[in-house]
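Residues per chain, in single letters:
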Amino acid sequence: MALRPDVLAVILGMAAVTYLCRAGGYAVLRALRPPRFVAALLRHLPGPLFVAYVAPAMAAQDAAAWAGAAAVLAVQAATRNLAAAIAAGVAAVALLRGGS
Amino acid sequence: MVRPSFTGQGVRRGLRAALPLVLGTFPFGLAVGVAAHGKGLSLLEALLMSGLTFAGTAQLVALELWTEPAPLLAAVFATFLVNLRMAPMGAALAAWFERVRGWRLWVTLGLLTDQAYALATVAQRRGPGRDAGFLFGVGLLLWLFWLVAVGAGHGLAEAVRLRPSHPLFFAPVAVFVALLVPLWRGLRQDAAPWGLAAAVALAARGAGLGPPWPLLLGALAGAALAAAREAPAGEAPPGPAPR
């Protein structure tokens, strides 16, 4: 059970900025309203953020992963169940890559 | 008439309300555990990160860009960007915390998640009860099972000795692909910002920029475009103001 100092530093940094987002948002945004554009940008961030994560990740993947992504989209849209969607995607990739 | 703002009854209601959500977040936690193991984190490190950060998306993104030695600036910056979305949530829940002070306020805020926020908005619509204990209960249960799920994922990857091409490593990507579905509001609103985000992220990567820049530039470009398109149609402000 190792705990490397460089890893610990990253963990503490991640924890600090995350808490800042959770509690600081309450403390600051309650006191003063952000500019319109900043508020709109924050509201629209989630979609583009996930797309910007998925696009380069998928560009580096094989055809099985693309089929897996299609399965994830289909199952998530049909069932609205995150667990089922992930399972379907992993199963599709397993099926197409063959073996174990 | 003084309405209590943090009650044990509220905590118990929160614990019950969060139970179905555990099913949805458990595979997510497994994926984080697998990813953490894949990047060489020990079980202790994976649990510490999960307990203190308690933000699955941010943890996955940080692990995705993990390097040797641990990438302090890149991981912290990416975490900040991913979790920025929680700032307006905390502000939107201000009414729940009106009479809550001390550790109850700051710990409950620390346990805030997308799921808790969604449950709170539903609960608020149903009745007048704004009991911060409810938020605390939801957060506590999700936090406990988050640690269990990440630990289980890490243990699973350890036991099976997975090759990099193992289908389980597709799970972290699958999480994000699945999350896109509920976020999609329609072609007219989302096609252009999402397209721009993808194009900028791919171009940044193609230009040889390392993480977190493709993610950062793509996300900001897409969100800025969406915000700019909203601004001229200012007569009808869309969505409720954060309060």
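The model shown is predicted, which means the values in this text are computed figures rather than measured ones.

## Some remarks on the overall build of chain A
Phase 1 of the analysis: A count of helices and strands for chain A gives five helices and zero strands.
Phase 2 of the analysis: Walking chain A from its N terminus toward its C terminus, one meets helices and strands in the order α-α-α-α-α.
Phase 3 of the analysis: Compactness check: chain A gives a C-alpha radius of gyration of 19 Å against a globular reference of 13 Å for 100 residues, more than 25% above the reference.
Phase 4 of the analysis: C-alpha extents for chain A along the principal axes are approximately 55 × 40 × 25 Å.
Phase 5 of the analysis: Per-residue burial for chain A yields a buried fraction of 47% across its 100 residues.
Phase 6 of the analysis: As presented, chain A carries roughly 4700 Å² of accessible surface, and 71% of it is formed by carbon and sulfur atoms.

## Observations concerning the UniProt feature "transmembrane region" (unreviewed entry) in chain B
All names here are of chain B.
Phase 1 of the analysis: UniProt tags residues 46-66, 73-97, 134-157 and 169-187 as "transmembrane region" (unreviewed entry).
Phase 2 of the analysis: Spanning residues 73-97, this segment combines 72% helix with 0% strand, and its end C-alpha atoms are found 33 Å apart.
Phase 3 of the analysis: Secondary structure across residues 169-187 comprises 74% helix and 0% strand; the distance between its end C-alpha atoms is 30 Å.

## Here's the deal with the pattern of salt bridges
Phase 1 of the analysis: For the structure shown, the criterion picks out four salt bridges over all chains.
Phase 2 of the analysis: Note that R185 of chain B and D190 of chain B form a salt bridge whose closest N and O atoms lie 2.6 Å from each other.
Phase 3 of the analysis: Owing to a relative accessible area of 45%, R185 of chain B belongs among the partly exposed residues under this scheme.
Phase 4 of the analysis: Put simply, R4 and D6 of chain A together with E68 of chain B are held in one network by salt bridges that share partners.

## Overview of the confidence of the model for chain A
Detailed reading of the predicted coordinates is not advisable wherever pLDDT is low.
Phase 1 of the analysis: On average, residues of chain A score 87 in pLDDT, and 98% of them reach the 70 mark or higher.
Phase 2 of the analysis: Considering each helix and strand of chain A separately, the mean pLDDT is smallest for helix 2 (residues 36-44) of chain A, with a value of 81, and largest for helix 4 (residues 63-79) of chain A, with 94.

## Describing the UniProt feature "transmembrane region" (unreviewed entry) in chain A
All names here are of chain A.
Phase 1 of the analysis: Taken from the UniProt record, the annotation "transmembrane region" (unreviewed entry) applies to residues 7-29, 49-75 and 82-99.
Phase 2 of the analysis: The distance separating the terminal C-alpha atoms of residues 7-29 is 32 Å; by composition the span is 100% helix and 0% strand.
Phase 3 of the analysis: With 89% helix and 0% strand, the stretch residues 49-75 has end C-alpha atoms that lie 22 Å from each other.

## Focus on the packing of helix 6 (residues 102-110) of chain B against helix 8 (residues 132-160) of chain B
Residue and element names in this part refer to chain B.
Phase 1 of the analysis: The N-to-C vectors of helix 6 and helix 8 enclose an angle of 50 degrees; their axes lie 9 Å apart at closest approach. As judged from the angle between their axes, helix 6 and helix 8 are oblique. Taken as a pair, helix 6 and helix 8 cross one another with a handedness that is left-handed. When helix 6 is examined against helix 8, the residues W103, V107 and T108 are found in contact with a partner set consisting of A132, L135 and F136.
Phase 2 of the analysis: When the residues that make up the contact of helix 6 with helix 8 are grouped by side-chain class, the tally is five nonpolar, one polar and no charged.

## Examining the domain arrangement of chain B
Residues and elements named next belong to chain B.
Phase 1 of the analysis: Per the domain assignment, the segments of chain B are domain 1 (8-170) and domain 2 (184-232).
Phase 2 of the analysis: The partner domain 2 presents seven residues to the six residues of domain 1 that form the contact.
Phase 3 of the analysis: Contact between domain 1 and domain 2 buries roughly 540 Å² in total, counting both sides, with carbon and sulfur atoms accounting for 97%.
Phase 4 of the analysis: The three residues of domain 1 that bury the most area against domain 2 are L65, F77 and L81, which together make up 72% of that side's buried surface.
Phase 5 of the analysis: Counting across the interface, domain 1 meets domain 2 through zero salt bridges.
Phase 6 of the analysis: There are zero residue pairs in polar contact (both at pLDDT 80 or more) connecting domain 1 and domain 2.
Phase 7 of the analysis: At four residues, the largest contribution of residues to the side of domain 1 that touches domain 2 is made by helix 4 (residues 72-83).

About the thresholds
Residues numbered from 1 in each chain as written. Chains lettered and ligands numbered in written order. Predicted model: local features only at pLDDT ≥ 70, side-chain atom pairs only at ≥ 80, totals over all residues. Heavy atoms only, no water. Helix = DSSP H or I, 4+ residues; strand = E, 2+ residues; numbered from the N terminus. Rg over C-alpha atoms; globule rule 2.2 N^0.38 Å. Buried < 20%, exposed > 50% of the residue type's maximum accessible area, 1.4 Å probe, protein only. Areas by Shrake-Rupley, 256 points an atom, 1.4 Å probe, with all protein chains shown as cover. UniProt positions renumbered as here; feature names shortened; annotations may be inferred. Salt bridge = Lys/Arg side-chain N within 4 Å of Asp/Glu carboxyl O. pLDDT = per-residue confidence, 0-100. Axes fitted to C-alpha atoms, helices over the stretch in contact; angles between N-to-C directions. Parallel < 35°, antiparallel > 145°, perpendicular 65-115°, else oblique. Left-handed = near helix turned anticlockwise from the far one by under 90°. Contact = heavy atoms within 4.5 Å. Nonpolar A, V, L, I, M, F, W, Y, C, P; charged D, E, K, R; others polar. Domains from an automatic or database assignment. Buried area = accessible area lost by both parts, 1.4 Å probe. Polar contact = N/O pair within 3.5 Å; in protein donor to acceptor, adjacent residues only side chain to side chain.

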